[in-house]
Amino acid sequence: MEHGHDMPGMEGMAPPSPMSMTGPMQQHDMMMMHMTFFWGRSAEILFSGWPGSSDERPYMYFVALLFVFVLSILVEWLSHCRLMKPGSNHVAAGLVQTLLHALRVGLAYMVMLAIMSFNGGVFLVAVAGHALGFLFFGSRVFKRTQNPAKTSDLPPASC
């Protein structure tokens, strides 16, 4: 049977039928993947099956939102914290700096993956967490020193 495909070695082969496909989509027959923002408490955020059905445990959606909110604040805190003392050992300071950078990037990726659930509530709490974290740790509102020369142990996060 000719389908007009000119791929070598594929003559006479038909595409697999939808009934013969196996994999992750077969296990989640009832779960729909959203590719646009949606509102609602029925969402999978970060982990398979988490926070779960809003009918069984309605509070878990709010726990998931709180988790994303705290992750966002932690990313901002790590972006603006000063944990190393001036004059510390360069090798030790470099290792601590590297670990802090890895932690900040890992947490930022977790926030990004949570936003990729396309849930509107998750998006709003992530933005709110970053904004509040920047207000507390990055802006001049709560700064005691006026010396802006060194504001963080880590370089600024760049995209």
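Before reading further, recall that the structure is shown in the block above.
Not measured: the values here are computed from a predicted model.

**Things to note about the overall build of the protein chain**
Thinking step 1. Counting secondary structure elements, the protein chain contains 4 helices and 0 strands.
Thinking step 2. With 159 residues in all, the protein chain has 25% of them scored as buried.
Thinking step 3. For the protein chain, restricting intrachain contacts to residue pairs at least 6 apart in sequence, the fraction spanning at least 24 positions comes to 69%.
Thinking step 4. A total of about 11,800 Å² of accessible surface is found on the protein chain, and carbon and sulfur atoms cover 68% of it.

**A short note on the nonpolar core**
Thinking step 1. With 20 residues, the main nonpolar core has Ile45, Val68 and Val122 as its most contacted residues.
Thinking step 2. Of all the elements in the fold, those that place two or more residues in this core are α2 (59-80), α3 (90-115) and α4 (120-137).
Thinking step 3. At 8 residues, α2 tops the list of elements feeding residues into this core.

**Some thoughts on α4**
Thinking step 1. Here α4 is 18 residues long and its end C-alpha atoms lie 26 Å apart, about the 26 Å a rise of 1.5 Å per residue gives.
Thinking step 2. Taken together, the buried positions of α4 are Gly120, Gly121, Val122, Val125, Ala126, Gly129 and Gly133.
Thinking step 3. Next to the buried residues of α4 lie α2 and α3.
Thinking step 4. Structurally, the start of α4 carries an N-cap: the backbone nitrogen of Gly121 is 2.9 Å from a side-chain oxygen of Asn119.

**Some words on α3**
Thinking step 1. Its 26 residues give α3 an end-to-end C-alpha distance of 37 Å, which sits within 8% of 38 Å, the value for a rise of 1.5 Å per residue.
Thinking step 2. Along α3, the positions that sit buried rather than exposed are Ala93, Leu100, Arg104, Leu107, Val111 and Ala114.
Thinking step 3. At its buried positions, α3 is contacted by α2 and α4.
Thinking step 4. Its side-chain oxygen 3.1 Å from the backbone nitrogen of Val91, Asn89 forms the N-cap of α3.

**Details of unusual backbone geometry**
The phi torsion of most residues other than glycine is negative, and most of the peptide bonds are trans.
Thinking step 1. Here the phi dihedral of Phe118 falls at roughly 65 degrees; this positive angle occurs in a residue that is not glycine.
Thinking step 2. Along the chain, Phe118 turns up in the loop between α3 and α4.

What counts as what
- Residue numbers run consecutively from 1 along every chain, following the written order of its sequence.
- Local features in a predicted model are, by the rule used here, given only for residues with pLDDT of at least 70; side-chain atom pairs are given and counted only at 80 or more, and totals for whole chains, interfaces and linings are based on all residues.
- By convention in this description, side-chain values take in all heavy atoms of the structure and omit both hydrogens and water.
- Only DSSP runs of H or I with at least four residues qualify as helices, and only runs of E with at least two residues qualify as strands; both kinds are numbered from the N terminus onward.
- Remark: exposure states derive from per-residue accessible area (1.4 Å probe, protein chains only) relative to the maximum for the residue type, with buried under 20%, exposed over 50%, and partly exposed in between.
- Here a residue-residue contact requires only that any non-hydrogen atoms of the pair lie within 4.5 Å.
- In these tables, accessible area is a Shrake-Rupley quantity obtained with a 1.4 Å probe, and a residue counts as shielded only by the protein chains included in the view.
- We call a set of buried Ala, Val, Leu, Ile, Met, Phe, Trp, Tyr and Cys residues a nonpolar core when their side-chain atoms join them within 4.5 Å.
- Helices are assigned an expected span. That span is 1.5 Å times one less than the residue count.
- Polar contacts here mean pairs of N or O atoms no more than 3.5 Å apart (in protein, one a potential hydrogen donor and the other a potential acceptor; neighbouring residues in sequence count only if both atoms are side-chain atoms).

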